[in-house]
Amino acid sequence: SAAQGFCGGRAAGAQWPETQAVTMFAKPRPLPAFSLRQSDGTQLTSGELNGHWTVVFLGFTSCPDVCPTTLAELAQAQKQWQALPDGTRPRVLFVSVDPERDTPTRIGEYAHGFSTDTLAATTDVPALEEFARSLGFVFMKVPGPHYAENPQDYSMDHSANLAVIDPQGRMAGMMRPPFQP
């Protein structure tokens, strides 16, 4: 029925903005508490996402293709959003799932190379796994052919979707590639 499904890009009955690329959930999901280390050294905690729409992307700075492409597409969208008032302008949060190689400083330099407005953060692997799981995302380390001799020879497989967090800090929807800025 229309009350349970989607209508015109919005969940019927929900007070969502019209969207073209986002699949909005009929009922947003509260996120468990989390704490991430931002690129400036401060902590980003659950409540700090309140008050804004936030698009969350998991990745890592050594990613050869998906991450730079997605961050470039998000940067194009961020340029389009610049004219929006601060209270309605969505934020982008890039979370590295490779804390072994990606220091907060490195993550910030990488993400800010695409857009200085992007928030960039990471944390330890157990907390990252919990954060990713709460968004319905997964990631895992994939050893390369020379991993035994070189522990840095690995890549990270990770979800390529984007999570959409509403101003109440709940997961409200998601976007699946391909993305159209």
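First, a word on what this report is: a plain description of the structure on this page.

The rules behind these values
Residues numbered from 1 in each chain as written. Predicted model: local features only at pLDDT ≥ 70, side-chain atom pairs only at ≥ 80, totals over all residues. Heavy atoms only, no water. Buried < 20%, exposed > 50% of the residue type's maximum accessible area, 1.4 Å probe, protein only. Helix = DSSP H or I, 4+ residues; strand = E, 2+ residues; numbered from the N terminus. Pairing = 2+ DSSP bridges. Polar contact = N/O pair within 3.5 Å; in protein donor to acceptor, adjacent residues only side chain to side chain. Salt bridge = Lys/Arg side-chain N within 4 Å of Asp/Glu carboxyl O. Phe/Tyr/Trp six-rings, centres within 6.5 Å; stacked < 30°, edge-to-face > 60°. Lys NZ or Arg CZ within 6 Å of the ring centre and 35° of its normal. Core = buried A, V, L, I, M, F, W, Y, C linked by side-chain atoms within 4.5 Å. Axes fitted to C-alpha atoms, helices over the stretch in contact; angles between N-to-C directions. Contact = heavy atoms within 4.5 Å.

What follows is about the pairing of strand E4 (residues 35-38). Here E4 shows a clear split, with Leu-36 and Gln-38 buried on one side and none of Ser-35 and Arg-37 buried on the other. In this sheet, strand E5 (residues 43-45) lies alongside E4 in antiparallel orientation, the contact comprising 3 bridges. Across the sheet, the residue bridging to Leu-36 is Leu-44, located in E5. Between E4 and E5, which pair antiparallel one after the other, the connecting turn spans 4 residues, and Gly-41 there sits at a positive phi close to 95 degrees. Judged from the 2 bridges that link them, E4 and strand E8 (residues 119-122) form a sheet pairing that is antiparallel.

Further remarks concern the side chain of His-52. Inspection of the secondary structure assignment puts His-52 in the loop between E5 and strand E6 (54-59). A relative accessible area of 14% means that His-52 is categorised as buried. From its side chain, His-52 meets the backbone oxygen of Asp-86 in a polar contact 3.4 Å long.

Another aspect to go through is the pattern of salt bridges. Applying the stated criterion across every chain, the model contains 5 salt bridges. Between Arg-89 and Asp-86 there is a salt bridge; the shortest N-O distance is 3.6 Å.

Here we come to the packing of aromatic side chains. Per the stated rule, a full pass over the model turns up 5 aromatic pairs. Ring centres of Tyr-147 and Tyr-154 lie 6.5 Å apart, and the angle between their planes is 85 degrees; this geometry places the pair in the edge-to-face category. These aromatic residues form a ring-pair network of at least three members: Phe-57, Phe-94, Tyr-110 and Phe-114. The lysine or arginine in question, Arg-101, covers the ring of Tyr-154, its NZ or CZ lying 3.7 Å from the ring centre.

Locating Gly-47 in the fold gives a position in the loop between E5 and E6. Gly-47 sits in the partly exposed class, given a relative accessible area of 48%. Along the backbone, Gly-47 and Gln-168 are 121 residues apart, and their C-alpha atoms lie at a distance of 8.3 Å.

Let us look at the nonpolar core. Counting 47 residues, the largest nonpolar core has Leu-36, Val-56, Leu-93, Val-95, Phe-131, Leu-135 and Met-171 as the members making the most contacts within it. Per-element tally for this core: the top contributor is helix H1 (residues 66-81), with 5 residues.

Moving on, we get to the pairing of E6. For E6, a buried count of 6 out of 6 residues is recorded, marking the element as mostly surrounded by other parts of the structure. Side chains of E6 alternate between two faces, with Thr-54, Val-56 and Leu-58 and Val-55, Phe-57 and Gly-59 buried alike. Bridging between E6 and strand E7 (residues 91-96) involves 6 bridges; their strand directions are parallel. For Gly-59, the partnering residue across the bridge sits in E7 and is Ser-96. Where E6 and strand E11 (residues 162-165) come together, 3 bridges link them in antiparallel fashion. By the bridge assignment, Thr-54 is partnered in E11 with Ile-165.

Okay, unusual backbone geometry next. Residue Pro-177 is joined to Pro-178 through a cis peptide bond whose omega torsion reads 5 degrees. Among the secondary structure elements, Pro-178 is positioned in the segment after strand E12 (170-175).

Next up on the list: the sheet that holds E5. Sheet architecture is open: 8 strands sit in the order E3-E12-E11-E6-E7-E8-E4-E5, paired in mixed fashion. Since the sheet does not close on itself, it has two edges, and those belong to strand E3 (23-30) and E5, each with one partner. Adjacent strand axes in the sheet meet at a mean angle of 35 degrees, parallel and antiparallel pairs treated alike. Sheet strands touched by H1: E6, E7 and E11. Its angle to E6, the strand with the most contacts, is close to 165 degrees.

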